[in-house]
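Examination of the molecular architecture
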Amino acid sequence: MGEGMTRAPEYGETLRIKNLRTHFFTRYGVAPAVDDVTITIPRKGIVGVVGESGCGKSVTALSVMRLVSRPGKIVSGKVLLDGEDLTAKSPREMRQIRGNKISMIFQEPMTSLNPVYTVGSQVAEAMVIHQGAGKKEARDRTVEMFRSVGIPEAEKRFGSYPHQLSGGLRQRVMIAMAMVCRPRLMIADEPTTALDVTIEAQILHQMKELERNMDTSIMLITHNMGVVAEICDYVYVMYAGRIMEQADIFSLFDHTMHPYTTGLLGSIPRSGRGGGRLYNIRGMVPSLLSLPKGCRFRPRCERAMPECAEHEPELYEAGRGHWVRCHLYRDSGGGETR
Ligand code: SF4
């Protein structure tokens, strides 16, 4: 990757996904769901990975957790957690790492919570299993964690069953479960998509607080640029298995470069827009089994040029630390070096 892609962040880094390729070997052909992706998650700050459904962001997260199931497979690249390559770990070692050093929360907490146990006992159990905590210590820390994620009457909620809680409280329980072992990295995959906007704002605020107060890095996966704007510090925009643009949040919003990112930003409702129609990117995400020649975004791009059909663009550094995969920026500076 280009030099800027591997520059060590100011606070050091927790995770580096390096030239990762995760492909799905189907009977119709090979689908490159993650195609040479490099992402750095620093010790401090929240990194967003954004794109429409089917762009490869969730497969990237599952690759980090080594939870990609067949016919998917990591075919090359590295996933370095504090410098240790997770792609080289045995299944047993990965079981230790999951829940302990890396945790993940998903969109729908009901699928991750067991309906027949109280939410408190489920969170406490994670601590007993992963950290060998005693029962009393596990209970006390669970209640403390419930408080820090904003669960009211934390003592009482310890004994509630999942169905007795609202969607917002269940998601807070999931965040508590993800954080209770103080992991190095928390991956949140669309954690607020199923919630209404008020609860969403509260949960995002809580995640930001946790990131500030604990030594846990956060990778947030979302299709929603509004969520990105709310809490992310650095952003990777993914499309058809590739990183299309990456920049810090201010640069990305103030100097948006890639036509795909422009389209994603146009779909955020903003006050002062005068009730005008939200912009929709025309067309659909291409099938990974039949990607267009040249730029993968070309069939949907309003700025496409003849050369876009011929060659796939590299990532160009078009501003300091602002990288974009588009021919429009070819002459703006350094490109990828491999
Ligand atoms: Fe559009 Fe061409 Fe840039 Fe692709 S390379 S995003 S088709 S202008």
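One structure accompanies this document, and this report is about it. (Residues numbered from 1 in each chain as written. Predicted model: local features only at pLDDT ≥ 70, side-chain atom pairs only at ≥ 80, totals over all residues. Heavy atoms only, no water.)

**Notes on the state of the cysteines**
On inspection of all chains with the given rule, the structure shows 0 disulfides. Looking at cysteine 55, it has no disulfide partner, and the nearest cysteine sulfur is the one in cysteine 295, 12 Å off. (Disulfide = S-S within 2.5 Å.)

**Some details on helix α2 (residues 57–65)**
Most of α2 sits out of view: 7 of its 9 residues are buried. Among all positions of α2, only Lys57, Val59, Thr60, Ala61, Ser63, Val64 and Met65 are buried. Backbone geometry just downstream of α2 places arginine 66 in the positive-phi region, at approximately 55 degrees. (Buried < 20%, exposed > 50% of the residue type's maximum accessible area, 1.4 Å probe, protein only. Helix = DSSP H or I, 4+ residues; strand = E, 2+ residues; numbered from the N terminus.)

**Looking at the nonpolar core**
Ranked by size, the top nonpolar core spans 90 residues in total, and within it Ile102, Leu185 and Ile187 carry the most contacts. No other element matches the 7 residues that helix α7 (residues 167–179) contributes to this core. Residues contacting leucine 185, with those up to four places away along its chain left out, are Thr14, Leu15, Ile41, Val64, Leu81, Lys101, Ile102, Ser103, Thr216, Ser217 and Met219. (Core = buried A, V, L, I, M, F, W, Y, C linked by side-chain atoms within 4.5 Å. Contact = heavy atoms within 4.5 Å.)

**Digging into the sheet that holds strand β7 (residues 185–189)**
Within the open sheet, the 8 strands sit side by side as β6-β7-β8-β3-β9-β10-β12-β11. Their pairing is mixed. The open sheet has two edge strands, β6 (102–105) and β11 (316–319), and neither has a second partner. Across the sheet, the mean angle separating the axes of adjacent strands is 20 degrees when strand polarity is ignored. Bridge count between strand β3 (residues 46–50) and strand β9 (residues 234–239): 4 bridges; the pairing is parallel. (Pairing = 2+ DSSP bridges. Axes fitted to C-alpha atoms, helices over the stretch in contact; angles between N-to-C directions.)

**As for the sheet that holds strand β2 (residues 29–42)**
Taken in spatial order, the 4 strands make up an open sheet running β2-β1-β4-β5, and their pairing is antiparallel. Bordering the open sheet on either side are β2 and β5 (84–85), each of which pairs with just one other strand. Pairing of strand β1 (residues 13–26) with strand β4 (residues 72–81), which is carried by 8 bridges, proceeds in the antiparallel orientation. Its bridge partner lying in β4, isoleucine 17 is registered against valine 79.

The values are spatial; any link to function lies outside them.
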